[in-house]
Amino acid sequence: MTITELEALTQERRLVTAIPGPISQQMQARKDTAIARGVGTTLPVYVVAAAGGVLADVDGNQLIDFGSGIAVTTVGNSAPAVVDAVTQQVAAFTHTCFMVTPYEGYLRVAEELNRITPGDHDKRTVLFNSGAEAVENAVKIARAHTRRQAVVVFDHAYHGRTNLTMAMTAKNQPYKHGFGPFAGEVYRVPTSFPLRDGEIDGAAAAARAIDLIEKQVGADNVAAVVIEPIHGEGGFIVPAPGFLRDLQNWCTQAGAVFVADEVQTGFARTGAMFACEHEDVVPDLIVTAKGIAGGLPLSAVTGRAEIMDAPNAGGLGGTYGGNPLACAAALAVIDTIEREQLVARAAQIGETMIGRLTAMAADDPRIGDVRGRGAMIAIELVKPGTVEPDADLTKRIAAAAHAKGLVVLTCGTYGNVLRFLPPLSMPDHLLAEGLDILAETFGEIR
Ligand SMILES: *Cc1c(COP(=O)(O)O)cnc(C)c1O
């Protein structure tokens, strides 16, 4: 494709070959001989351009994007403000290493994160490259501050693929299998999972977790409690009201650091700038990545100054952390979210999705739950009349939607959750068309 063709990327679904098309199939065959098998691909269409709500592939197809590259291109793919900011920065300088000769972009991103994250206390920020790297550093900071070691995590948690974050992640296949031994001093307790918790409400679920922490770990040993305010990979599990608040209060009493992993839920995604805001929870540390910089690799830990300043100078950092291109992108992303009121847009997309999906669920007992917040919505597929997961149906629905040119992702500990994460630049007509395709797919697959 030429630049002119790219600029003319129309906001429409267009299928000109089977999905994946012949050129994508050839490329996928090359992948098998060039790239390690451990790197999977959900939908092997090879992308040449993306904008608004569509992805364009090498075969000339255009797909509706309900994935945003896993909640990353929240402001849209190649969003104009991001392209401009990065283009100017790449022409000025590409790298110095902030730890050697600093630059204002890093400083401004830190100031912005200190401003927009929950709470009006004195804050500090440090920047990294990936979500996993930021989670690891939040643990380092919490340990340095508390001089304790234990890290408490939850069932259905996902925190990344590095050694410490694998230990913190719940699910064995495919994230942990064969990759041990894992980091020590990581303790797992039950989360709040309303669909499967029966009578246990948020307060009771918190009490259940806290009891285990006190009996099996010991309050005095806990450096950090780390939780996603909505479990992402684990199945878009929204905890019952009060659960997060009770955990946070317990941390305050116990002198432990309450860390919100908002890598997936951050930056307007859930219809709030950060998902903790839905529960009026102010975390001690907040970990961000994914939606932060429109796809450029960037992540951050932001939190209370007295905790963040615990590690000695030189104890935190990295060669690329807070790369100038990524910082330029992040500033454009934050500005775009605020200027275009994308928090409200996410809430509106959520209402549309919940409305349609709830109507579908009313007629289809295989849809056992519709949940999530804002533009982070999922449906859980079960054997009718039970909460028994139906992973096979989930795979078949996803494959059929892919064949129709709709990019959807699956997730969940039991592999039975279809998740929808459209970019907030998704036009209404494509959002509706994507939901039509889903409804059609459920009608066809029995
Ligand atoms: C994706 C994700 C991570 C890991 O981020 P990477 O950038 O892939 O390392 C950590 N926590 C949550 C909640 C995530 O969704």
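To keep things clear, this report deals only with the structure shown in the data block. Because the structure is predicted, anything quoted here is derived from the model rather than measured. (Residues numbered from 1 in each chain as written. Predicted model: local features only at pLDDT ≥ 70, side-chain atom pairs only at ≥ 80, totals over all residues. Heavy atoms only, no water.)

## Focus: the site of the ligand
So, step 1. Taken together, Ser-130, Gly-131, Ala-132, Tyr-158, His-159, Glu-228, Asp-261, Val-263, Gln-264 and Lys-290 make up all the residues around the ligand.
So, step 2. Here Tyr-158 contributes a backbone N or O atom positioned 3.4 Å from a nitrogen atom of the ligand.
So, step 3. Here Asp-261 contributes a side-chain N or O atom positioned 2.7 Å from a nitrogen atom of the ligand.
So, step 4. Among the residues making up the shell around the ligand, the classes are represented as 3 nonpolar, 4 polar and 3 charged. (Near = heavy atom within 4 Å. Polar contact = N/O pair within 3.5 Å; in protein donor to acceptor, adjacent residues only side chain to side chain. Nonpolar A, V, L, I, M, F, W, Y, C, P; charged D, E, K, R; others polar.)

## What to know about helix α13 (residues 391-403)
So, step 1. Given a rise of 1.5 Å per residue, 13 residues ought to cover 18 Å, and the 18 Å separating the end C-alpha atoms of α13 matches this to within 8%.
So, step 2. Every buried residue belonging to α13 is among Leu-393, Thr-394, Ile-397, Ala-398, Ala-400, Ala-401 and His-402, and all of these are buried.
So, step 3. In the core, the buried residues of α13 are packed alongside β12 (376-381), β13 (406-407), β14 (409-411), β15 (417-420) and α14 (428-444).
So, step 4. Within two residues after α13, Gly-405 carries a phi angle of roughly 85 degrees, on the positive side. (Helix = DSSP H or I, 4+ residues; strand = E, 2+ residues; numbered from the N terminus. Expected span 1.5 Å × (residues − 1). Buried < 20%, exposed > 50% of the residue type's maximum accessible area, 1.4 Å probe, protein only. Contact = heavy atoms within 4.5 Å.)

## Quick notes on the sheet that holds strand β3 (residues 62-65)
So, step 1. Spatially, β1-β2-β3-β13 is the arrangement adopted by the 4 strands of the open sheet, whose pairing is mixed. Every interior strand has two partners, whereas the edge strands, β1 (47-51) and β13, have only one.
So, step 2. Sheet topology note: the β1/strand β2 (residues 54-57) ladder contains 4 bridges and is antiparallel. Note that in β2 the partner of Val-47 across the bridge is Asp-57. (Pairing = 2+ DSSP bridges.)

## Here's the deal with the pattern of salt bridges
So, step 1. Within this structure, the stated rule accounts for 21 salt bridges.
So, step 2. The salt bridge involving Arg-345 is made with Asp-428; its shortest N-O contact spans 3.0 Å. Here Arg-345 is found in helix α12 (residues 342-363), whereas its partner Asp-428 is found in helix α14, with 83 residues between them in sequence.
So, step 3. What makes Arg-345 buried here is its relative accessible area of 14%.
So, step 4. Residue Lys-404 pairs with Glu-440 through a salt bridge whose shortest N-O separation is 2.8 Å. (Salt bridge = Lys/Arg side-chain N within 4 Å of Asp/Glu carboxyl O.)

## Quick notes on the layout of surface pockets
To find the voids left in a structure, one rolls a probe of water-molecule size over its atoms.
So, step 1. Here the second largest pocket is characterised by a volume of approximately 400 Å³.
So, step 2. Surrounding the second largest pocket, 20 residues form its lining, Phe-98, Tyr-106, Thr-125, Val-126 and Leu-316 being those nearest its centre.
So, step 3. Sorting the residues of the lining of the second largest pocket by element identifies α5 (104-116) and β4 (123-128) as the ones contributing at least two each.
So, step 4. If one sorts the elements of the lining of the second largest pocket by residue count, β4 sits on top with 4 residues.
So, step 5. Of the residues assigned to the lining of the second largest pocket, the class counts are 11 nonpolar, 7 polar and 2 charged. (1 Å grid on protein atoms, 1.4 Å probe; cavity = no way out; pocket = protein on both sides within 12 Å on 5 of 7 lines; lining within 4 Å. Points joined across faces, edges and corners; volume = space filled by probe spheres on them.)

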